[in-house]
Every structure is written in structure tokens, then in C-alpha cells.
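Analysis of the macromolecular model
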Amino acid sequence: MCKKLFKTLRHKLMGDGVYKVGVACMLPADISDSIRLLELKIASQTANEQGLSQPPNITVKRPFEVDSLQILNEFCRQLRHLASNIQSPAISYCGIDTFPGGSVFMAVEQTDELKILHDKVLGLCADFGAVPDEFEGKNMVFHTSLALSLNTDQQSAASAIAHTAQCIRSRVVSSSLAVLLWTDVGGWIVIANAPFTTR
């Protein structure tokens, strides 16, 4: 698996192409590990591993495309600069919810701090040609996905499992702002980690 992923990335990053990327707040190791264990439990009991295709995170900018490695590198550089001038945002999880289409997620309190961060990231992404979609801006729902592409029975089971986890009502401070790259082999992987200014 690791060798196949490396070959895929090497092929993709050696030349130009279309890069599907997103931006997310990353989490401290302890809460990230707790969420990953919850995702594994859900995957095991629903026989659906789609939720494991990304590291635990809070979406700040939904996926968009850049069309060259040079542009991707410049975007990562500017995101690092942006993050270095922003205080680490506080994250308050407030329960479990679902999206249409079979997703189960940990709900995040929709704070002004996160909304301001979202607007700043959207502004940066706009400089690279990314247009906000219908679920961003005033419609943005900050969350951490636990399971994706579930049928009705799987979604009910996943929600029931998630409601038993202690981490669903945690309060943490985000560690960094990350650029995630979609790969067909490894799902979403972090290619740039931009630390926030410490609170």
C-alpha cells in the first residue's frame, strides 16, 4: 500500500496536472487519535471504510482544483503565511449530526472565530481561482466527518455508535491549518501543515 501510494504521488508531483485540494484545521494528537479510533469502530460495525479516507480534521475550505505544481506550492506558501498571523482557534464539539448522502459527523460550535478564519481562507483561495460553493460562506457547517457514503441502516448504526463516544463533546485548540491533497490510492493526505500563532 505505502509503495503504491509513493509511486502514485511521485508520478503526480513530478509534473503538471490537476490537483484536488482542500484546507482544514488539524487537531491535537490526543483528540485526533480518539476520533480515529471512533472512525475505526464505526467502519468495523458498518462494513464501510469511507470515513477513513481522511485524517481527522475540521473542514475550512471544501475541495477545489489547481492546475500546476507551481501554483500548488505557492498556495501552500501563502497559506503558511496566513496561518502564522492567526491565533489558534478554539474548537468546541457539540454532538453528532448527519448530512444527506449518508454522512455522519461531529458537530462543531459555529463560532465567530471559525467564521473569520473561513472568510480569510476563502479570500486566499479566491486569489487562486477557487469560487466558494453553495455550502460555504454563510452556509458553512464546520464539522469533523466520521463516516461517509452510508446507506440508511449504516447511517443509523454509525450515529448510535458515535453518540457513545466521549470525544464528541470535547473542547480543544486547533494545532495547524493544513492543505490536503486527494489521491486515488491514499484518499486525502496532508501535504502542508501551517502552524497557527499560539494562543
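Please refer to the structure placed before this passage.
Described in the following lines is the structure provided in the data block. In this text the structure is predicted, and so the values were computed from the model without any measurement.

Right, let's talk about the pattern of salt bridges for a bit. In the structure shown here, the tally under the stated rule is four salt bridges. Close ionic contact of R62 with D133 constitutes a salt bridge, the shortest N to O distance being 2.6 Å. You can see R62 sitting in strand β2 (residues 57-66) and its partner D133 sitting in the loop between α4 (112-126) and β5 (143-147), a full 71 residues away along the chain. Judged by its relative accessible area of 27%, D133 is partly exposed. Note that R77 and E74 form a salt bridge whose closest N and O atoms lie 2.6 Å from each other. Taken as a pair, R77 and E74 lie in helix α3 (residues 69-84) at a separation of three residues, close to a single helical turn.

Formed by 52 residues in total, the largest nonpolar core has its most connected members in L38, F75, Y93, L117, L146 and L177. With six residues, α3 is the largest single contributor of residues to this core. When near neighbours in sequence (up to four residues on either side) are disregarded, L177 contacts V23, A24, C25, V60, L79, A83, L117, V121, A192, N193, A194 and F196. Counting five residues, the second largest nonpolar core, distinct from the first, contains A24, M26, A178 and W188.

Attention shifts here to the pairing of β5. Of all the five residues making up β5, five are buried; the element is thus mostly covered by neighbouring parts of the structure. As paired elements, strand β4 (residues 103-108) and β5 share four bridges and run antiparallel to each other. Of the residues in β5, the one forming a bridge with A107 is H143.

Every α-helical turn comprises 3.6 residues, leaving residues that sit three or four positions apart pointing alike. Between the first and last C-alpha of helix α2 (residues 29-46) there are 25 Å, a value that for 18 residues agrees with the 26 Å anticipated at 1.5 Å per step. Inspection of α2 places I31, S32, I35, L38, E39, I42, A43 and T46 among the buried residues, and these make up the whole buried set. Here the buried residues of α2 occupy an arc of 140° about the axis, which is enough to place them on one side. In α2, those exposed residues whose orientation departs by more than 90 degrees from the buried face are A29, D30, L37, S44 and Q45.

Note on aromatic pairs: each is described by the distance of the centres and the angle between the planes. In the structure shown here, the tally under the stated rule is four aromatic pairs. Pairing F75 with F128 gives two aromatic rings, centres 5.3 Å apart and planes at 85°, and the pair type is edge-to-face. Of the two residues, F75 is situated in helix α3 and F128 in the loop between α4 and β5; the sequence distance between them amounts to 53 residues. Taken as a pair, F75 and F128 share a single burial class, namely buried.

Within the structure shown, the criterion is met by two cavities of 30 Å³ or more. Estimates place the volume of the largest cavity at around 50 Å³. In terms of lining, the largest cavity is formed by E39, Q54, P55, P56, N57, T59, H143, T144 and S145. Those elements giving two or more residues to the lining of the largest cavity turn out to be β2 and β5. Ranked by residue count, the leading element in the lining of the largest cavity is β5, at three residues.

What counts as what
- Each residue is numbered by its place in its chain's sequence as written, counting from 1.
- With the structure being a predicted model, the display of local features is reserved for residues of pLDDT at least 70 and the display and counting of side-chain atom pairs for 80 or more, all residues being used for whole-chain, interface and lining totals.
- In computing side-chain properties, one takes all heavy atoms of the structure into account and sets aside hydrogens as well as water.
- In what follows, salt bridge is the name for a side-chain nitrogen of Lys or Arg lying within 4 Å of a carboxyl oxygen of Asp or Glu.
- Numbering goes from the N terminus for both helices and strands, where a helix is a DSSP run of H or I of at least four residues and a strand is a run of E of at least two.
- Exposure categories follow from relative accessible area, calculated using a 1.4 Å probe and restricted to protein chains: below 20% of the type maximum is buried, above 50% is exposed, and the middle band is partly exposed.
- Note on terminology: a nonpolar core comprises buried Ala, Val, Leu, Ile, Met, Phe, Trp, Tyr and Cys residues joined through side-chain atoms within 4.5 Å.
- By the convention used here, residues are in contact when the closest approach between their heavy atoms is within 4.5 Å.
- Two strands pair if DSSP finds at least two bridges between them.
- By this rule, a helix spans an expected 1.5 Å times one less than how many residues it contains.
- For this quantity, the arc is that covered by the directions from the helix axis to the C-beta atoms.
- Here the aromatic set is Phe, Tyr and Trp, taking the six-membered ring for Trp, and pairing holds for ring centres within 6.5 Å; pairs whose planes are under 30 degrees apart are stacked, those over 60 apart are edge-to-face, and all others are tilted.
- Cavities and pockets are found on a 1 Å grid laid over the protein atoms alone: a cavity is a set of points where a 1.4 Å probe fits but cannot escape, a pocket is an open set with protein on both sides within 12 Å along at least five of seven lines, and a lining residue has an atom within 4 Å of such a point.
- Grid points are joined across faces, edges and corners, and a volume is the space filled by probe spheres set on the points.

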